[in-house]
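Structural overview
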Amino acid sequence: MYRSVIGAVLCALSVATASGQSENMTDSSRFGSPFGDAVLLFRPDMDMDAIQRTLDALHARQANDEFSARRYALLFAPGEYDLDVTVDYYVQAAGLGQVPGDVVIKGTVQSIATTRENRVTIMFWRSAENFRVVPSKNPVFWAVSQAAPYRRMHIAGDLQFDLGGWASGGLLANSIVDGTAGLTTGQQWLTRNAELGGWTGGNWNRTFVGAIGAPSETFPAQPTTVVDRTPVIRDKPFLVLRDSEWSVFRPSLQHNTRGVSWKTGGEDGQHIPLSQFHIAHPSESAQTLNAALYGGKHLLLTPGIYSLDAPLRVRHANTLIFGLGLATLVPTNGNAAVTTDDVSGVVIAGIMVDAGPELSPVLVRIGERDSRTDHSRNPISLHDVYCRVGGAIVGRAGTCLEINSDDVILDHTWLWRADHGAGARWTDNEADHGLVVNGDDVTIYGLFNEHFQKHQTVWNGERGRVFFYQSEIPYDPPSQSEWMNGPEKGFASYRVAETVDNHYAVGLGIYSFFGVREPRDPGVRLGTAIETPAKKGICIENITTFAGGYGGIDHSLNHLGPKTNVGETQFFKGVCKNEF
């Protein structure tokens, strides 16, 4: 279904040249890309006006196309460009240098599309990475909400994450902002391993981890959370073009870091030549892609929508699945989209999974249920991995992401049961959980997890850590009686199992908007936002709750914390260590 749609649309997409002729925007021979028609490669010796016309035409097409079947990657070879690069739905813009300063944009790299009243609460599914931006106008706007990371950026000026109206969260990672970064009324934001000239604004939950120049911790007077160092991280891989040679750079594991990894230019990691990848296209079958994986190849997924009647299965240690332009996997047979064996060093980056119409018990599974291997020296890591149930197509799933292996690092995810779009009804896009963690020593930075019908997050493993959590519980329970967890009103968004002895989470925002979608019952409430065992090793800090629509939330954590009624925002310091 998707395959034929995207092919027809890509063939039809064209731009008007200065001579008035029509030119195919996706002509790979014109742009010199080895990755197919949906990947546009720009070089500094090309005509800047022609590039700008191409970018403007793409912006006009994608700006408000929220559930588009089109996918694009815009790649910029090292050098300087006088351009305004606007990034919209299903567009990835990336510099191809080893460090951000290798690709300089004199203009902007921005997200500015909006629906109304400068609100960017549905500006999703886009990314920009690995540029130095010298702004022609200050500030640079990266006005976004979920699934829209800004990575490896160096902004020689100010950076604002909204347009003066509502925004709903995002990620700045491994980036430098020479001026001031911040929000006006944006709801929440995670900043990890950044270097800031200053910060201003924000609303419900702003969290800084390993950030130089972060504001002071003010919680609960103001919802600012500051964690001095990032305990363990492997940054997202990225494409590099050097002397006509392509590679994917896989950064090394780092511990206890502050600031960016690339400032001195001596970043540790490994260049993986493109010859070691199978360059995949949406027309290929799961059987073909799995044959490449089984044969020891890495997988580079070019932009598009992949219909899979079996999961992509990772069997070998250190395998890299690397998506360009939000490459999207759709299981068609009630299967998972991706599974991994319990092997070390696997990296999955830059992919989206759409649930198919036949129920998939799980969409992405990391390790088997009985996994017990110690991966601490070479963890599995996931970066910018998104799951969606409904919205683009009617879909059903049990769990979006299940982590069974130990020592996994999850670096930014959005797990979304759709609250609007195709199939966004209680009985249509059925899905129990966004995330289930069974492995031990799993660390997550930036967990966005929303609208599932039971617990959004279920944590069964020991010594888990979460830095920043954003969750709206479902809008659409038909009634309180139909949304009960035994005697409890509804399902806590974040649940740590009674068997767990040690767990840490900080900077959590949980919000209710009951009744803003049909069916509508104004009496629905959530009993507690977070549910954990009362043990000394459980530490949950800095919780924000908000209620809109109807109903509300009775408690922040177990039976503690203030009641949150409609129109109220409450801040609760939480309970940590020996306070239970």
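Reading the values: rules and limits
- Residues numbered from 1 in each chain as written.
- Predicted model: local features only at pLDDT ≥ 70, side-chain atom pairs only at ≥ 80, totals over all residues.
- Heavy atoms only, no water.
- Pairing = 2+ DSSP bridges.
- Helix = DSSP H or I, 4+ residues; strand = E, 2+ residues; numbered from the N terminus.
- Salt bridge = Lys/Arg side-chain N within 4 Å of Asp/Glu carboxyl O.
- Buried < 20%, exposed > 50% of the residue type's maximum accessible area, 1.4 Å probe, protein only.
- Expected span 1.5 Å × (residues − 1).
- Polar contact = N/O pair within 3.5 Å; in protein donor to acceptor, adjacent residues only side chain to side chain.
- Phe/Tyr/Trp six-rings, centres within 6.5 Å; stacked < 30°, edge-to-face > 60°.

1. Some details on the sheet that holds strand β41 (residues 494–496)
Pairing is mixed in the open sheet, where ten strands are placed in the order β27-β29-β31-β33-β35-β37-β41-β43-β45-β46. Whereas interior strands pair on both sides, the edge strands pair on one side only; in this sheet they are β27 (312–314) and β46 (564–565). Here five bridges tie strand β33 (residues 397–403) to strand β35 (residues 431–437), and the two strands are oriented parallel to one another. Pairing of alanine 397 across the sheet is with alanine 431, part of β35.

2. Overview of the pattern of salt bridges
Within the structure shown, the criterion is met by 24 salt bridges. The closest approach of N and O atoms between glutamate 195 and lysine 263, which form a salt bridge, is 2.9 Å. Here lysine 263 lies in the loop between β22 (254–257) and β23 (269–273) and glutamate 195 lies in strand β16 (residues 195–200), a separation of 68 residues in the sequence. A relative accessible area of 12% means that glutamate 195 is categorised as buried. For lysine 263, a relative accessible area of 55% corresponds to the exposed category. In this structure, the salt-bridge partner of lysine 236 is aspartate 384, at a minimum N-O distance of 3.1 Å. Of this pair, lysine 236 sits in the loop between β19 (230–233) and β20 (238–242) while aspartate 384 is found in strand β32 (residues 381–389), placing the two residues 148 residues apart along the sequence. Linked through salt bridges whose partners overlap, the residues forming this network are Glu129, Arg151, Arg192, Asp235, Lys236, Asp384 and Asp411.

3. Here we look at helix α3 (residues 48–62)
The end-to-end C-alpha separation of α3 is 21 Å, in line with the 21 Å expected for 15 residues at 1.5 Å each. Put simply, aspartate 47 is the residue that caps the front of α3, since its side-chain oxygen is 3.1 Å from the backbone nitrogen of aspartate 49.

4. Regarding the packing of aromatic side chains
Summed over all chains, the structure comprises 31 aromatic pairs. Centre to centre, the rings of phenylalanine 161 and tryptophan 199 are 6.0 Å apart; their planes meet at 35 degrees, and the pair counts as tilted. Placement of phenylalanine 161 in the loop between β12 (159–160) and β13 (171–173) and of tryptophan 199 in strand β16 is noted, with a sequence separation of 38 residues between them. The two residues phenylalanine 161 and tryptophan 199 agree in class, both being buried. On the numbers, 4.4 Å between centres and 25 degrees between planes, the contact of tryptophan 204 with phenylalanine 546 is stacked. Of this pair, tryptophan 204 sits in the loop between β16 and β17 (205–209) while phenylalanine 546 sits in strand β44 (residues 538–547), and the two are 342 residues apart along the sequence.

Bear in mind that shape data such as this cannot, by itself, settle questions of function.
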